[in-house]
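# Overview (structure and organization)
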Amino acid sequence: MKDCITKNMIREEANRCWMCHAPVCSAACKSGMQPARMLRSLRLENEAGATRHARQMEGCLTCTARACEKACLRGRNGQAVKIHDIFSYLYKQGESSSEQKATDSLPTGKHSLPDLSLDFCGIRCENPFILASSPIAHNYEMCARALDAGWGGICFKTISYYPVEEVSPRFDQVQQGGVPFIGFKNMEQLSEAPIRTNFDILYRLKQHYPDKLIISSIMGRTEEEWTHLAHFSTLAGADIIECNFSCPQMTSEGMGCDVGQNPSLVRSFTAAACRGTHLPVIAKMTPNLTHIVPVARAACEGGATGIAAINTIKSITRIDEEAMTALPVINGKSSVSGYSGKAIRPIALRFIHELASDPIIGQAPLSGIGGIETWRDALDFLLLGCTNLQICTSVMQYGYRIIDDLREGLQLYMQRKGYTNLSQLIGLAVSNIVPPESLDRTTICRPVIDRELCIGCGRCYISCQDGGHQAIVFPPSRRPAIDEAQCVGCLLCSLVCPTGAIRQGERIGKVHS
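Once a new chain begins, its residue numbering starts again from 1 and follows that chain's sequence as written. Whole-chain, interface and lining totals are the exception, using all residues; otherwise, since this is a predicted model, local features are given only for residues with pLDDT of at least 70 and side-chain atom pairs are given and counted only at 80 or more. Water and hydrogen atoms were dropped before computing side-chain values, which therefore reflect all heavy atoms in the structure.

### Some thoughts on the overall build of the protein
Short version of the rule: Numbering of helices and strands runs from the N terminus, with a helix taken as a DSSP run of H or I at least four residues long and a strand as a DSSP run of E at least two residues long. With C-alpha atoms as the basis for the radius of gyration, the globule rule is written as 2.2 Å multiplied by the number of residues raised to the power 0.38. Buried means the residue's accessible area, taken with a 1.4 Å probe over protein chains only, is under 20% of the maximum for its type, while exposed means over 50%, and partly exposed covers the values in between. Any pair of residues with heavy atoms lying within 4.5 Å of one another is described as a contacting pair. Every accessible area reported is derived by Shrake-Rupley at a probe size of 1.4 Å, with residue values counting cover from the shown protein chains alone.
Of regular secondary structure, the protein possesses 19 helices and 20 strands. Taken over C-alpha atoms, the radius of gyration comes to 25 Å for the protein, in line with the 24 Å a tight globule of 513 residues would show. Principal axes of the C-alpha set define a box for the protein whose edges measure 75 × 70 × 55 Å. Counting across all 513 residues of the protein, residues that qualify as buried make up 53%. In the protein, 71% of the contacts between residues at least 6 apart in sequence involve partners at least 24 apart. Per element, the accessible surface of the protein, about 23,700 Å² overall, is 51% carbon and sulfur.

Next up, the structure:
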């Protein structure tokens, strides 16, 4: 069996891990190994980190007891995760990889990996990862635990004079292939705590964590409220003020995304916030519009230092076929509300690229939000020009601990590529994303099938027949072949192949008959 197939199988097996709190697999190991840390890294697409952790678990090489697998909670109602198989594969991968050996040999001190610190709105941050203004950042204890865990900062849950009464239940999620939280629906609005309590929390956070980025998210109903909230945020010691022009589930007109769709209101409310502070002000954009740049320009005209994008997307995730309304069901009713999670990341990236490409907005600091779960997701936003990243939904699913793999995965990538500080990566992809009319349409890349990897499942044939250009021949021998006369080089076949047996071939000029 070739390595690519084995890698896919190992990833699938790791994805069976439930990522438990106080993991019993690690607790069961009498040698003090940490299999849970290795599994978590693999689940969060930090393969280099997972291999690094496996290389530090030499005690597992001679282990025959498999206490970790016997303790695995997954085994209580099925088959335990095959932890030893995953370890063995990763350990061997590290043994055969010169890049991994170089990573293994790195010291564990503070300066052993590339620098993740960045300037955002003139403020130096130890890393770009902060908690988004949301349920994950609504009291002192939560924010303190996140900052202790290594997050670069927090954007506190939006503070407002508006009296908030939340619904119950208030969340729903979309699954795909048994994978939860592909998309997430949230009906929460703003902070329910009294204004005095919230600003006291901000003050305490800045006093206790002076080197962390503390952002006060605010939302007013009038210019006076925006000015007062900005003023109190300043007195509380916040570093930056975020104007929330984008919450999609407000129950009062003239708030949230109703404002964010109106450039005139965005301009005047931004100016009102700026009148109450000397701090940098960033405007949080709604994605519930067609063109984001005019609204972002209006915010900058009002005095905004930077832009945050995007907030959640108005959605209906599912219909409850018994209650005959959307989920979640609140006493027989429901409503449209914000959608987040990995499913919205491509939409967020499109908006970020529009902002970064604009000659005016592209000069302003950008805070990227929308579906960031892994270091690889984060890299997309950095390459499109963001210097700050806000995360919510993945924390709600996995906890603050994901910061370990966000930082490590990004640092190991930078180390492999020879980058020494994060600023070297910012915006590298912006100019390479061009209008459709600027793309090369004179060449073609046809697929190439690796016979050793191909298992003859026929998935490529089905997709090409029913969704492509009928360019794959599938004989009784179950060895597919490409009909080059029919193939248009769309490479749909490579995307559906479960074993990675189909790759992009050499780019050649098109031959027209």
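Continuing now.
### Concerning the sheet that holds strand S6 (residues 179-186)
Basically, it comes down to this: Note: two strands are recorded as paired if DSSP finds a minimum of 2 bridges between them. Here an axis means a line fitted to C-alpha atoms, over the contact stretch when the element is a helix, while the angle between two N-to-C directions is reported on a 0 to 180 degree scale.
Strand order in this open sheet of four strands is S5-S6-S14-S11, and the pairing throughout is antiparallel. Of all strands in the sheet, those with a lone pairing partner are strand S5 (171-176) and strand S11 (313-315), marking the two edges. Between one strand and the next, the sheet's axes are offset by a mean angle of 40°, whatever the strand orientation. Relative to strand S14 (residues 337-340), S11 runs antiparallel, the two being bridged by three bridges.

### A closer look at unusual backbone geometry
The omega torsion of the bond from Ala309 to Ile310 falls at 5°, within 30 degrees of zero and hence cis. Structurally, Ile310 is set in the loop between strand S10 (306-309) and S11. Between Leu327 and Pro328 the backbone carries a cis peptide bond, its omega angle lying at -5°. You will see that Cys121, though not glycine, has its phi angle at about 55°, which is positive.

### A short note on the sheet that holds strand S9 (residues 281-284)
Strand order around the closed barrel formed by eight strands is S3-S4-S7-S8-S9-S10-S15-S16, with parallel pairing between neighbours. Recorded for the sheet is a direction-independent mean angle of 25° between the axes of neighbouring strands. Across two bridges, the pairing between strand S3 (residues 129-131) and strand S4 (residues 153-159) is parallel. Each residue of the ladder has a partner; that of Leu131, found in S4, is Ile154. Strands in contact with helix H14 (residues 345-357) are S10 and strand S15 (366-369); relative to S15, the strand with the most contacts, it is inclined by about 170°. Lying over the sheet, helix H15 (residues 375-383) contacts S3, S15 and strand S16 (388-391), oriented at roughly 140° with respect to S16.

### Focus on the packing of H15 against helix H17 (residues 403-417)
Note the cut-off: For any pair of crossing helices, the crossing counts as left-handed if the nearer helix is rotated counterclockwise from the farther one by less than a right angle, and right-handed if it is rotated clockwise. Lys, Arg, Asp and Glu make up the charged group, whereas Ala, Val, Leu, Ile, Met, Phe, Trp, Tyr, Cys and Pro make up the nonpolar group; the residues left over, Gly among them, are polar.
H17 packs onto H15 with a crossing angle of 65° between their chain directions and a minimal axis gap of 8 Å. The element H15 and its partner H17 pack so that their crossing is right-handed. Every residue of H17 that contacts H15 at Trp375, Leu379 and Leu382 is listed here: Asp405, Leu406, Gly409, Leu410, Tyr413 and Arg416. Each residue belonging to the contact of H15 with H17 can be placed in one class, and the counts come to six nonpolar, one polar and two charged.

### Observations regarding the side chain of Arg43
The following threshold applies: When charges are tallied, Lys and Arg are placed among the positive residues and Asp and Glu among the negative ones, while His and the ends of the chain are skipped. By definition, a salt bridge exists where a carboxyl oxygen of Asp or Glu is found within 4 Å of a side-chain nitrogen of Lys or Arg. Under the rule applied, a polar contact is a pair of N or O atoms within 3.5 Å (in protein, one hydrogen donor and one hydrogen acceptor; residues adjacent in sequence only if both atoms are side-chain atoms).
Inspection of the secondary structure assignment puts Arg43 in helix H3 (residues 35-43). The buried charged residue Arg43 lacks any salt bridge, with Glu373 as its nearest oppositely charged partner at 6.5 Å. Engagement of the side chain of Arg43 in a polar contact is seen with the side chain of Tyr398, the distance being 3.0 Å. If sequence neighbours within four positions are ignored, Arg43 has contacts with Ala14, Asn15, Cys17, Trp18, Met19 and Tyr398.

### Quick notes on the environment of Ser191
Secondary-structure assignment places Ser191 in the loop between S6 and helix H9 (195-208). For the pair Ser191 and Pro135, spaced 56 residues apart in the sequence, the C-alpha separation amounts to 8.4 Å. Excluding its chain neighbours within four sequence positions, the residues that come into contact with Ser191 are Lys157, Thr158, Val164 and Asn198.

### Focus on the pattern of salt bridges
Applying the stated rule across the entire model yields 25 salt bridges. The closest approach of N and O atoms between Lys342 and Asp377, which form a salt bridge, is 2.9 Å. Separated by 35 residues along the polypeptide, Lys342 in the loop between S14 and H14 and Asp377 in helix H15 bring together distant segments of the chain. For Lys342, a relative accessible area of 22% gives the class partly exposed. Note on Asp377: relative accessible area 2%, which makes it buried. Taken together, the shared-partner salt bridges in this structure form one network comprising Lys342, Arg345, Arg376, Asp377 and Asp380.

### Some remarks on the packing of aromatic side chains
Both the distance between ring centres and the angle between the ring planes are used here to describe each pair of aromatic rings. Put simply, the rule is: To pair, rings of Phe, Tyr and Trp, with the six-membered ring standing in for Trp, must have centres within 6.5 Å; the planes then decide the type, stacked if under 30 degrees apart, edge-to-face if over 60, and tilted in the middle. The rule for a charge over a ring is simple: NZ of Lys or CZ of Arg within 6 Å of the ring centre, and within 35 degrees of the ring normal.
By the definition in use, this model includes eight aromatic pairs. Lying across the ring of Tyr91, Arg55 places its NZ or CZ 4.4 Å from the centre. Its end group placed over the ring of Tyr140, Arg204 keeps NZ or CZ at 4.1 Å from the ring centre.

### Topic: the pairing of S4
Note the following rule: A clockwise path from the first strand over the helix to the second, with the strands pointing away from the viewer, defines a right-handed crossover.
Within S4, seven of the seven residues are buried, leaving the element largely enclosed by the surrounding structure. At this point the chain moves from S3, through helix H8 (residues 140-149), to the parallel S4, and the crossover so formed is right-handed. Taken together, the five bridges between S4 and strand S7 (residues 213-218) define a ladder with parallel strand orientation. The partner of Ile159 across the bridge, within S7, is Ile218.

### Thoughts on helix H12 (residues 263-275)
The criterion, for reference: Expected span of a helix: the number of residues minus one, times 1.5 Å. Each C-beta atom gives one direction from the helix axis, and the arc is the one those directions make.
Helix length check: H12 (13 residues) gives 18 Å between terminal C-alpha atoms against 18 Å at 1.5 Å per residue, within 8%. What H12 keeps buried is the set Val266, Phe269, Thr270, Ala272 and Ala273. Projected down its long axis, H12 carries its buried residues within an arc of 160°, all on one side. Packed against the buried residues of H12 are helix H10 (223-235), strand S8 (240-244), helix H11 (257-260), S9 and helix H13 (293-301). A distance of 3.0 Å separates the backbone nitrogen of Ser264 from a side-chain oxygen at the start of H12, and that oxygen is part of Asn262.

### Regarding the packing of H3 against helix H4 (residues 47-55)
Axes are the key here: two packed helices are described by the angle between their axes and the distance separating the axes. Our working rule: Angles below 35 degrees are treated as roughly parallel, those above 145 as roughly antiparallel, those between 65 and 115 as roughly perpendicular, and all remaining angles as oblique.
The N-to-C vectors of H3 and H4 enclose an angle of 165°; their axes lie 7 Å apart at closest approach. With respect to each other, H3 and H4 are oriented roughly antiparallel. As for how H3 packs across H4, the hand of that crossing is left-handed. Across the interface between the two elements, Arg37, Met38, Ser41 and Leu42 of H3 pack against Glu47, Gly49, Ala50, His53 and Ala54 of H4.

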